[in-house]
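# Notes for the structure review
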Amino acid sequence: MTAAPDLAHLLKALADPTRLRMLALLDGRELTVGELSRALGMSQSRVSNHLRLLRETGLFAERRSGTSTFLRLAPDRGGALQDGLWNAIHSELATLAAHRKDLTRLERLLEDRERSQARLFDEIAADWDKIGADFATGQARQRAAACLVPRGMVIADVGCGTGYLARGLAGLVERIICIDRSKPMLDQARKRLASERPEAQVEFRRGELHALPLRAAEVDGLLAGMVLHHLADLGPALREMRRALKPGAPLVVLELEPHSQDWMRDELGDRHLGFESAFVARALERAGFESVNVEPVDDHYTPRPKRSKSTPTELPVYLVRAFAPRSP
Ligand SMILES: C[S@@+](CC[C@H](N)C(=O)[O-])C[C@H]1O[C@@H](n2cnc3c(N)ncnc32)[C@H](O)[C@@H]1O
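Calculation criteria
- Residues numbered from 1 in each chain as written.
- Predicted model: local features only at pLDDT ≥ 70, side-chain atom pairs only at ≥ 80, totals over all residues.
- Heavy atoms only, no water.
- Buried < 20%, exposed > 50% of the residue type's maximum accessible area, 1.4 Å probe, protein only.
- Helix = DSSP H or I, 4+ residues; strand = E, 2+ residues; numbered from the N terminus.
- Pairing = 2+ DSSP bridges.
- Right-handed = clockwise from strand over helix to strand, strands pointing away.
- Axes fitted to C-alpha atoms, helices over the stretch in contact; angles between N-to-C directions.
- Near = heavy atom within 4 Å.
- Polar contact = N/O pair within 3.5 Å; in protein donor to acceptor, adjacent residues only side chain to side chain.
- Areas by Shrake-Rupley, 256 points an atom, 1.4 Å probe, with all protein chains shown as cover.
- Nonpolar A, V, L, I, M, F, W, Y, C, P; charged D, E, K, R; others polar.
- Domains from an automatic or database assignment.
- Phe/Tyr/Trp six-rings, centres within 6.5 Å; stacked < 30°, edge-to-face > 60°.

### Description of the pairing of strand 5 (residues 175-180)
- Here strand 5 lies mainly inside the structure; five of its six residues are buried.
- By the bridge criterion, five bridges tie strand 4 (residues 154-158) to strand 5 in an arrangement that is parallel. Its bridge partner lying in strand 5, Ile155 is registered against Ile176.
- Crossover handedness for the path strand 4 to helix 9 (residues 164-169) to strand 5: right-handed.
- As judged from the five bridges shared by strand 5 and strand 6 (residues 202-206), these two strands associate in the parallel manner. For Asp180, the partnering residue across the bridge sits in strand 6 and is Arg206.
- This β-α-β element, strand 5 to helix 10 (residues 183-196) to strand 6, shows right-handed connectivity.

Listed below in structure tokens is the structure:
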């Protein structure tokens, strides 16, 4: 950071209308030296000479980005220039025709900048999904969408495992009830969620999908992620889910497309190697669900075998959304 100049230096730097015009243009916005030259209608070398003198005052800050240097008035004008003097400079500039022309040129220049920024996105639109997939976990975007969920809802995550899905909604809804038959899984879920959320927001219940530890119409929504393929028979579990949902409330199922990874039966306890989405949709309708809809998702699941020699394979997934009947 530049040391505050003595008064004589500061006044010398300010004793030039061009330099005052420059400072006024850099007030509240960043400009490159090239843009500053265009706004002033002057050559870059003249602008650079003036900048050299101003640099010692600490009045402006510089930021390098790629090959460009961006200039702007330092916060609080680097402490060098009192408000009273700055206001006087502004009133003086307001009467200066040259400054008004600067502002007109600046406006055009900023419009050009905006247009070229917009063009940049026009050019990368076709590749954005690849560029934009660079988030580390994807949670930021999912959470952004999940934040729109109405407050006051009670949601159950059945076959919650370690509570991965529950985490996406915890803190946004009134309460989330995590249900699993496995105590160690529930312990993991508790460890993860209870440390992040107040007790009242998350509850853990041990139980079976075909006899859910939920009262009739207790919940406003239900998640069943990657669990149906563990069940011998979908009917009893889906009917239980319908019973636990309020009339008209939604159920979301996340499932695997049919696959041939036989090792998943032994190592992960899968009873079905995925399902056709139409099969799950029909099972939901048979269990009394309405408005059943398959929602394609651009994602896949890649389980890693521990004992089998099979190579990890990307398995496509899908969602099915369905609603409990409006009248019970
Ligand atoms: C593959 S994990 C999925 C966990 C979690 N939903 C997720 O998306 O990460 C399946 C979970 O379902 C549980 N599960 C399997 N069959 C169940 C049943 N009949 N009743 C209750 N939980 C069951 C397992 O204990 C396991 O924690």
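### Description of the sheet that holds strand 8 (residues 250-256)
- With mixed pairing, the seven strands of this open sheet are ordered in space as 6-5-4-7-8-10-9. Of all the strands in the sheet, just strand 6 and strand 9 (290-301) have a single pairing partner and so form its edges. Going across the sheet, the axis of each strand differs from the next one's by a mean of 20°, ignoring polarity.
- Note that strand 8 and strand 10 (residues 315-323) share seven bridges and pair antiparallel.

### Observations concerning the site of the ligand
- With respect to spatial proximity, 16 residues lie near the ligand, and among them Gly159, Asp180, Arg181, Leu209 and Gly225 are the closest.
- With respect to the ligand, the side chain of Asp180 contributes an N or O atom lying 2.6 Å from an oxygen atom.
- With respect to the ligand, the backbone of Leu209 contributes an N or O atom lying 3.1 Å from a nitrogen atom.
- Considering the ligand on its own, with 590 Å² of exposed area, one finds that the protein chains cover 83% of that surface.
- Within the shell around the ligand, the residues separate by chemical class into seven nonpolar, six polar and three charged.

### Things to note about the domain arrangement of the chain
- Partitioning the chain into structural domains gives domain 1 (7-133) and domain 2 (139-323).
- Computed over C-alpha atoms, the centres of domain 1 and domain 2 are 55 Å apart.

### Some words on the packing of aromatic side chains
- Here the structure, examined in full by the defined rule, presents two aromatic pairs.
- When the ring of Phe121 is compared with that of Trp128, the centres are 6.3 Å apart and the planes differ by 75°; the resulting orientation is edge-to-face.
- Of the residues examined, Phe121 reaches a relative accessible area of 42% and is grouped as partly exposed.
- Taking relative accessible area as the criterion, Trp128 reaches 37% and is therefore assigned partly exposed.
- Summarising the aromatic geometry, the rings of Phe275 and Phe279 are spaced 5.5 Å apart at their centres and angled 15° between planes, so their arrangement reads as stacked.
- The buried category is assigned to Phe275, whose relative accessible area is 6%.

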